[in-house]
There are 2 protein chains.
Amino acid sequence: MAVYTDVSPAELEAFLAGYDMGTLTSFHGIAEGVENSNFLVQTTTGSYILTLYEKRVRREDLPFFIGLMRHLAGRGLSCPEPVARRSGEVLAELAGRPAAMVTFLPGVSVRRPTAEHCAELGRGLAQLHLAGADFAMRRTNNLSVSGWRPLFNAADGQADTVAPGLGETIATELAALEQSWPKGLPEGVIHADLFPDNAFFLDDKLSGIIDFYFACTDYLAYDVAVCLNAWCFEPDGAYNITKGRALLAGYEAVRALSDAEKAALPRLARGAALRFLLTRLVDWLNVPEGALVKPKDPLEYLKKLRFHRAVDNAQDYGLAA
Amino acid sequence: MAVYTDVSPAELEAFLAGYDMGTLTSFHGIAEGVENSNFLVQTTTGSYILTLYEKRVRREDLPFFIGLMRHLAGRGLSCPEPVARRSGEVLAELAGRPAAMVTFLPGVSVRRPTAEHCAELGRGLAQLHLAGADFAMRRTNNLSVSGWRPLFNAADGQADTVAPGLGETIATELAALEQSWPKGLPEGVIHADLFPDNAFFLDDKLSGIIDFYFACTDYLAYDVAVCLNAWCFEPDGAYNITKGRALLAGYEAVRALSDAEKAALPRLARGAALRFLLTRLVDWLNVPEGALVKPKDPLEYLKKLRFHRAVDNAQDYGLAA
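Residues numbered from 1 in each chain as written. Chains lettered and ligands numbered in written order. Predicted model: local features only at pLDDT ≥ 70, side-chain atom pairs only at ≥ 80, totals over all residues. Heavy atoms only, no water.

## Notes on the overall build of chain A
Here comes step 1: Looking only at helices and strands, one finds nine helices and nine strands in chain A.
Here comes step 2: Over its C-alpha trace chain A gives a radius of gyration of 20 Å, about what one expects of a compact globule, namely 20 Å for 321 residues.
Here comes step 3: Expressed as lengths along the three principal axes of its C-alpha atoms, the size of chain A is roughly 60 × 45 × 35 Å.
Here comes step 4: Across the 321 residues in chain A, those meeting the buried criterion constitute 58%.
Here comes step 5: Sequence-distant contacts, at least 24 apart, represent 73% of the contacts inside chain A between residues at least 6 apart. (Helix = DSSP H or I, 4+ residues; strand = E, 2+ residues; numbered from the N terminus. Rg over C-alpha atoms; globule rule 2.2 N^0.38 Å. Buried < 20%, exposed > 50% of the residue type's maximum accessible area, 1.4 Å probe, protein only. Contact = heavy atoms within 4.5 Å.)

Okay, here's the thing in structure tokens:
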């Protein structure tokens, strides 16, 4: 749940005067989102999302995120489009926080994606990758392989309090992936966090992709690996190859994976599982007293990691031979 | 901040199938509200608010609240209108909670009302009282004079930890009001909690009244007294007679106060101040460890109570002689 910063209607109206977007007709804080404060703002010209960037988002990254949404929307991708102020600026300040206004996207996320949703998502992900190909800015992925050891250190020997032997499993996996992380794969803009709650559907068609605040420059196939983890496992931990096949076929219908990318997919999938295992572990060990937000279970990703370690080649994920 | 209950998109879609209101296009939890969980639901037919009633609302009161909104909307008052299911029922169950869907009202609340807002509010309050005159159901006001001593007892001798002498002040005031509470004033449906965050404005005109979950049957003039407390004091605690005059004139333009109501107004205003002082005191003394919601300051109402004790007659509030 997220409205960390209070904004008064009068403050908002003063802020809106900097935009050419009509007068305010409605204003509600939105409960979703964990990192930032979000408000649904309706004016005489339409619906918008106002985001106040809280402390977990680094201010120096904001031009990348905002510029990327603008670029992708300009290339026809259905994603939130930043609204420029009369001054031409997109980033502004409200209630002491950096703030931006983006267009509101209709659509509803799904919690139990079907194979059809996975196919749609795969196509959308590839479209995102193509649309981002000529985006000029770069942002390092701090949560890729070189970022995992610091995360593991942050868990500070407490992993075994979550599950016996977890520390050892992570240490082994981390060392293996540091040694063997793929090199030289096609790079570009990746979403890096395209979970089902960041994809909207209307009539089972993908209607939009949101939340670009982990986006960065990294292997495109790593983004595919993140999505296989996030979309193609069942609640009981089983990999659903029908969904994997649909996601990968959807992706390849728009952008073909190279042989090197295909060969790297199992390792990228292990890495993606380790990344979410580690961030969830750190969050799990650092829940503030009395917090309302229940942290996500790190062990979900331990199961996924174990699955990927047994995968020989990308066909096991459902990739067409 | 309030979304206490998680509702999945699939659960919501199944729930919506019981209504004749189109297909779901958007769904967001709303951060405002303290008692219940609220969601903004958009469908192909319009925008709605879905409310899940949490434990602080008694289930046996729901037919009164829902019936009242339906009645008032039917009389032309701009308030949320409950949407009936195909079955004809308005109350249903979702995620294990009683749930109802109401129409979405555009408008924005104000935090620093002007005299113009107060005039609008006074008119709206009187319209509410007239529209409610033929509403058949009754609900006792549990937070009127007979409910205050139990609240005081719940503070259990701890009032002085909030301000020295507060316990004695409340005890004296409570005894005085129990002795002298007005009798036989005109009764009817009152909102009982019409604070600025429960009134919406568009272009400085009242566009809607929301949150009927304290509504009950009580003296109409008591509702006026609640609004004088909630709308006509400045942040520094001073009573703004210009705002009071505007509110009372607005009210009387629609419904004239009787001589008995006018004479009772200072005492009703003292009672209203004591009611909010007591509920805020109890909340203040019972903040759960680590709570995100900061309780409202009870002492704001101690100041207001002191003001009312010095008031001789309703002209001091700005009532036309």
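Picking up after the structure, the text goes on.
## Brief notes about helix H5 (residues 166-180) of chain B
All names here are of chain B.
Here comes step 1: Relative to the 21 Å expected for 15 residues at 1.5 Å per residue, H5 spans 21 Å between its end C-alpha atoms, a close match to the ideal helical length.
Here comes step 2: Inspection of H5 places Leu-166, Gly-167, Thr-169, Ile-170, Glu-173, Leu-174 and Leu-177 among the buried residues, and these make up the whole buried set. All buried residues of H5 lie within an arc of 155° about the axis, which places them on one face of the element. In H5, those exposed residues whose orientation departs by more than 90 degrees from the buried face are Glu-168 and Gln-179.
Here comes step 3: Contact partners of the buried residues in H5: helix H4 (145-155), helix H8 (259-285) and helix H9 (299-309). (Expected span 1.5 Å × (residues − 1). Arc of directions from axis to C-beta.)

## Points about the relation of the copies chain B and chain A
Here comes step 1: With an axial shift of 0.1 Å and an RMSD of 0.0 Å, the rotation relating chain B to chain A amounts to 180°. These values place the two chain copies in the arrangement generated by a two-fold rotation axis. (Least-squares fit on C-alpha atoms with pLDDT ≥ 70 in both.)

## Details of the nonpolar core
Here comes step 1: Of all hydrophobic cores here, the largest spans 188 residues; its most connected members are Trp148(A), Phe212(A), Trp231(A), Phe212(B) and Trp231(B).
Here comes step 2: Setting aside anything within four residues of it in sequence, one finds Phe212(B) in contact with Phe65(B), Leu68(B), Met69(B), Leu72(B), Leu77(B), Cys79(B), Pro80(B), Leu128(B) and His191(B). (Core = buried A, V, L, I, M, F, W, Y, C linked by side-chain atoms within 4.5 Å.)

## Details of the pattern of salt bridges
Residues and elements named next belong to chain B.
Here comes step 1: Enumeration over the complete set of coordinates arrives at 35 salt bridges over all chains.
Here comes step 2: Note that Glu-60 and Arg-58 form a salt bridge whose closest N and O atoms lie 3.8 Å from each other.
Here comes step 3: A salt bridge links Lys-304 to Glu-300; the shortest N-O distance between them is 2.9 Å. Of the two residues, Lys-304 and Glu-300 are both situated in helix H9; the distance of four residues between them amounts to about one turn of the helix. (Salt bridge = Lys/Arg side-chain N within 4 Å of Asp/Glu carboxyl O.)

## Side note on the side chain of Asn36(A)
All names here are of chain A.
Here comes step 1: Here Asn-36 is to be found in the loop between strand E1 (24-30) and strand E2 (37-43).
Here comes step 2: Taking relative accessible area as the criterion, Asn-36 reaches 5% and is therefore assigned buried.
Here comes step 3: A polar contact of 3.2 Å, which involves the side chain of Asn-36, links it to the backbone nitrogen of Glu-54. (Polar contact = N/O pair within 3.5 Å; in protein donor to acceptor, adjacent residues only side chain to side chain.)

## With respect to the interface of chain B and chain A
Interfaces are often sized by the accessible area lost when the parts come together.
Here comes step 1: Across the contact, 28 residues belong to chain B and 28 residues belong to chain A.
Here comes step 2: Applying the counting criterion to the chain B and chain A interface returns two salt bridges.
Here comes step 3: The residue Asp6(A) makes a salt bridge to Arg111(B) at a minimum N-O spacing of 2.8 Å.
Here comes step 4: For the pair chain B and chain A, the interface holds eight residue pairs in polar contact (both at pLDDT 80 or more).

## Focus: helix H6 (residues 220-231) of chain A
All names here are of chain A.
Here comes step 1: The first and last C-alpha atoms of H6 sit 17 Å apart over 12 residues, in line with the 16 Å expected at 1.5 Å per residue.
Here comes step 2: Here H6 lies mainly inside the structure; 12 of its 12 residues are buried.
Here comes step 3: What H6 keeps buried is the set Leu-220, Ala-221, Tyr-222, Asp-223, Val-224, Ala-225, Val-226, Cys-227, Leu-228, Asn-229, Ala-230 and Trp-231.

## Examining the domain arrangement of chain A
All names here are of chain A.
Here comes step 1: Considered domain by domain, chain A is made up of domain 1 (9-103) and domain 2 (115-317).
Here comes step 2: One C-alpha centre belongs to domain 1, the other to domain 2, and the line joining them spans 27 Å.
Here comes step 3: In this complex, domain 1 contributes 19 residues to the contact, which on the side of domain 2 involves 23 residues.
Here comes step 4: Summed over both partners, the interface of domain 1 with domain 2 comes to about 1800 Å²; 71% of that surface belongs to carbon and sulfur atoms.
Here comes step 5: At the surface where domain 1 touches domain 2, the tally comes to two salt bridges.
Here comes step 6: Between Asp-134 and Arg-75 there is a salt bridge, and its shortest N-O distance comes to 2.5 Å.
Here comes step 7: Tallied by class, the residues present in the side of domain 1 that touches domain 2 amount to 10 nonpolar, four polar and five charged. (Domains from an automatic or database assignment. Buried area = accessible area lost by both parts, 1.4 Å probe. Nonpolar A, V, L, I, M, F, W, Y, C, P; charged D, E, K, R; others polar.)

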